[in-house]
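# Fold and contact review
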Amino acid sequence: MIVVPTHPAAHLVFDLTAWLAGAALGAVLYRWRLREAVERTALQVGSGWFVALALGAVAGAWLAGSLNTLRTASPMLSHSVAGALVGAIAAVELYKLARGIRGSTGVVFVGSFALGVVIGRLGCLFSGLADRTWGTPTTLPWAVDLGDGVGRHPVQVYEALAMALFLGAYLAGLNARAPWALKRGFYVLCAWYGLQRFAWEFLKPYPSVAGPFNLFHLLSLGLIVYGSVFYGRELRRERDAQGRALSVLRPDHEPV
């Protein structure tokens with residue numbers, strides 16, 4: 001069993017680091033590969049998009065987090081990154097629907113969000129029991145002791161590693177100028193985040209809401225469906241646009 005040094009203040013330190021590192025990575029990726037996509041999006045969305053994003057993220061974070069922790073043995077208000085993501089998506093998609101905006105508008109946040117989760121989850125780990133995101137007991141060699149002598153699954157590390165894996169693949173995709181990374185990366189992020197989060201939720205002692213599933217299982221399923229459906233929709237839209245462009249360039253009839 002691995003004894004982890006913990007302190008409640010670690011969460012704030014890691015959160016601030018996550019925000020700064022995420023912003024720095026976002027700026028680097030913008031200059032490196034995403035300038036065209038971001039500028040095209042900025043021309044479409046307007047200032048209301050940012051308001052919808054912020055309000056949706058804040059509301060989703062506190063609503064989802066509190067709905068979970070208020071049902072535990074020691075009720076309290078809390079916030080959740082999964083809830084923030086779901087809330088932001090819901091608000092932005094409603095805004096896009098009202099404005100008639102099509103296509104992905106979240107490409108600029110993909111790398112920043114992934115890196116933020118990697119660093120932020122380590123903050124959850126080093127915050128210990130005060131963070132209330134610990135895993136279920138286990139006797140595995142890599143079980144962590146967060147201060148009470150109980151060996152638990154390091155679910156925070158599992159999620160950090162899963163998102164680091166995604167970040168590596170995403171950066172490789174950007175380096176290769178792969179369309180999935182340049183154009184549909186946000187939808188891949190949502191599906192991957194939902195998939196890995198769904199798996200780790202089985203290793204958390206959260207109250208269930210439907211059979212063996214807790215609230216975050218349901219949110220994760222929603223992210224998987226959203227990412228998969230919108231990825232397919234965006235891919236079809238791109239292929240249709242390419243088809244129309246080719247039909248303009250190619251004559252309808254070959255000369256006799």
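A quick note: this is a predicted structure, and the numbers were derived from the prediction, not measured.

### What about the sheet that holds strand β3 (residues 151-152)?
By way of backbone hydrogen bonds, the strands of a sheet pair with one another, either parallel or antiparallel. Read across the open sheet, the 3 strands follow the order β1-β2-β3; overall the sheet is mixed. Looking at the sheet topology across the chains shown, the edges are occupied by β1 (2-3) and β3. Here strand β2 (residues 144-145) runs beside β3; their pairing, made up of 2 bridges, is antiparallel. When the sheet's bridge partners are listed, D145 is paired in β3 with G151.

### A closer look at the side chain of S104
One can find S104 in the loop between α3 (81-99) and α4 (110-127). Residue class for S104 comes out buried when judged on its relative accessible area of 13%. Apart from residues lying up to four places away in sequence, S104 is in contact with T41, K96, K183, F186, Y187 and E234.

### A look at helix α8 (residues 215-249)
Taking 1.5 Å per residue, 35 residues should reach 51 Å; α8 reaches 51 Å between its end C-alpha atoms and fits that length. Two or three places before F216, at the start of α8, stands the capping residue N214, its side-chain oxygen 2.8 Å from that residue's backbone nitrogen.

### So, unusual backbone geometry
Phi at R132 is positive, roughly 65°, even though this residue is not glycine. Relative to the assigned elements, R132 resides in the loop between α4 and β2. Although it is not a glycine, R177 sits at a positive phi angle of roughly 55°. Within the secondary structure layout, R177 lies in the loop between α5 (155-175) and α6 (179-182). Owing to a relative accessible area of 53%, R177 belongs among the exposed residues under this scheme.

### Observations regarding the packing of aromatic side chains
Considering all chains together, one arrives at 15 aromatic pairs under this definition. A centroid spacing of 6.0 Å and a plane angle of 10° characterise the contact between F166 and Y170, whose relative ring orientation is stacked. Taken together, the positions of F166 and Y170, both in helix α5 and 4 residues apart, correspond to about one turn of that helix. Here F166 falls in the buried class, since its relative accessible area comes to 6%. For Y170, a relative accessible area of 0% corresponds to the buried category. A network of ring pairs unites the aromatic residues F186, Y187, Y226 and F230 as a single cluster. Lying over the aromatic face of F216, R197 brings its terminal NZ or CZ to 4.8 Å of the ring centre.

### Describing the packing of helix α1 (residues 10-45) against α4
Viewed as axis vectors pointing N to C, α1 and α4 meet at an angle of 165°, and their least axial separation amounts to 8 Å. Overall, the two elements α1 and α4 adopt an arrangement that is roughly antiparallel. As for the relative orientation of α1 and α4, their crossing is right-handed in sense. Where α1 abuts α4, its residues A10, H11, F14, D15, T17, A18, A21, G22, L25, G26 and L29 lie against G111, S112, L115, G116, I119, G120, L122, G123, C124, F126 and S127. Partitioning the contact of α1 with α4 into residue classes produces 11 nonpolar, 10 polar and 1 charged.

Calculation rules
- Residues numbered from 1 in each chain as written.
- Predicted model: local features only at pLDDT ≥ 70, side-chain atom pairs only at ≥ 80, totals over all residues.
- Heavy atoms only, no water.
- Pairing = 2+ DSSP bridges.
- Helix = DSSP H or I, 4+ residues; strand = E, 2+ residues; numbered from the N terminus.
- Buried < 20%, exposed > 50% of the residue type's maximum accessible area, 1.4 Å probe, protein only.
- Contact = heavy atoms within 4.5 Å.
- Expected span 1.5 Å × (residues − 1).
- Polar contact = N/O pair within 3.5 Å; in protein donor to acceptor, adjacent residues only side chain to side chain.
- Phe/Tyr/Trp six-rings, centres within 6.5 Å; stacked < 30°, edge-to-face > 60°.
- Lys NZ or Arg CZ within 6 Å of the ring centre and 35° of its normal.
- Axes fitted to C-alpha atoms, helices over the stretch in contact; angles between N-to-C directions.
- Parallel < 35°, antiparallel > 145°, perpendicular 65-115°, else oblique.
- Left-handed = near helix turned anticlockwise from the far one by under 90°.
- Nonpolar A, V, L, I, M, F, W, Y, C, P; charged D, E, K, R; others polar.

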